[in-house]
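Here are the chains, one letter per residue:
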Amino acid sequence: MTMKGFSFAGACVAAVLATGCTIHQTEAPPLAGPSEAALSVSMTASPDTLFADGVQQAVVTVFAHDAKGTPKANQQFHLTTSVDQATVPYGTLSSQTVVTGPDGRGSVTYTMPVFSPLHAGTASKQVAVVATPVGTNYVTALSSSVLLLVVPPPVPTALP
């Protein structure tokens, strides 16, 4: 370093000492909540595996909580089904929307598709029931989902 460098550094230290500059600890702001607009969403399905034996159903429940973790009433969700990450109707939902009650829960019924004999022995499908909060920007809204395993009928065996 040259003398200019030393004199510049010395001038900076002198300026800080002359102004009485002190350092304070910065306090972090309080946490605002778990997710999008302080809305925490979880989902369950019961049962989560459906076998082709007619018309099996599962109850899909959406749980919503606010930033404090208390149940969020009157939160509306738009529901869709998705297979292989593509939004497609696969089976039926009892409603395309659900609104949470005072306990922060809202439920719909998922009914598996009706299979023909041509589907016997085909691969099982993972079906996602996706819930997107209504009242938010759908481009940036955080969706939640629950997976169901839908099992087609087995290949019939020959009678003796």
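In short, a report on the structure. What you see is a predicted model, and the numbers here were worked out from it, not measured in a lab.

1. Some thoughts on the environment of Thr 87
Argument step 1. Position of Thr 87 among the secondary structure elements: in strand β5 (residues 86–87).
Argument step 2. Looking at Thr 87, the relative accessible area reads 60%, which means it is exposed.
Argument step 3. Measuring from C-alpha to C-alpha, the distance between Thr 87 and Val 129 comes to 9.6 Å, with 42 residues separating the pair along the chain.

2. Re the sheet that holds strand β8 (residues 105–111)
Argument step 1. The strand order across the open sheet built from 4 strands is β1-β3-β8-β6, with neighbouring strands paired in antiparallel fashion. Strands with a single pairing partner mark the edges of an open sheet, and in this sheet they are β1 (40–46) and β6 (92–93).
Argument step 2. Pairing analysis gives 7 bridges linking strand β3 (residues 57–65) to β8, with the strands arranged antiparallel. Within β8, the residue paired with Phe 63 across the bridge is Arg 105.

3. A look at the side chain of Thr 61
Argument step 1. On the secondary structure map, Thr 61 appears in strand β3.
Argument step 2. A polar contact of 3.0 Å, which involves the side chain of Thr 61, links it to the side chain of Ser 107.
Argument step 3. Not counting residues within four places of it along the chain, the set of residues in contact with Thr 61 comprises Ser 42, Met 43, Thr 44, Arg 105, Gly 106 and Ser 107.

4. Some points on unusual backbone geometry
Argument step 1. The step from Ser 46 to Pro 47 runs through a cis peptide bond, and the omega angle for that step is -10°.
Argument step 2. Along the chain, Pro 47 falls in the loop between β1 and β2 (49–51).
Argument step 3. Residue Asn 74 is not a glycine yet carries a positive backbone phi of 65°.
Argument step 4. Examined against the element boundaries, Asn 74 turns out to sit in the loop between β3 and β4 (76–83).

Rules used in this analysis
- Residues numbered from 1 in each chain as written.
- Predicted model: local features only at pLDDT ≥ 70, side-chain atom pairs only at ≥ 80, totals over all residues.
- Heavy atoms only, no water.
- Helix = DSSP H or I, 4+ residues; strand = E, 2+ residues; numbered from the N terminus.
- Buried < 20%, exposed > 50% of the residue type's maximum accessible area, 1.4 Å probe, protein only.
- Pairing = 2+ DSSP bridges.
- Polar contact = N/O pair within 3.5 Å; in protein donor to acceptor, adjacent residues only side chain to side chain.
- Contact = heavy atoms within 4.5 Å.

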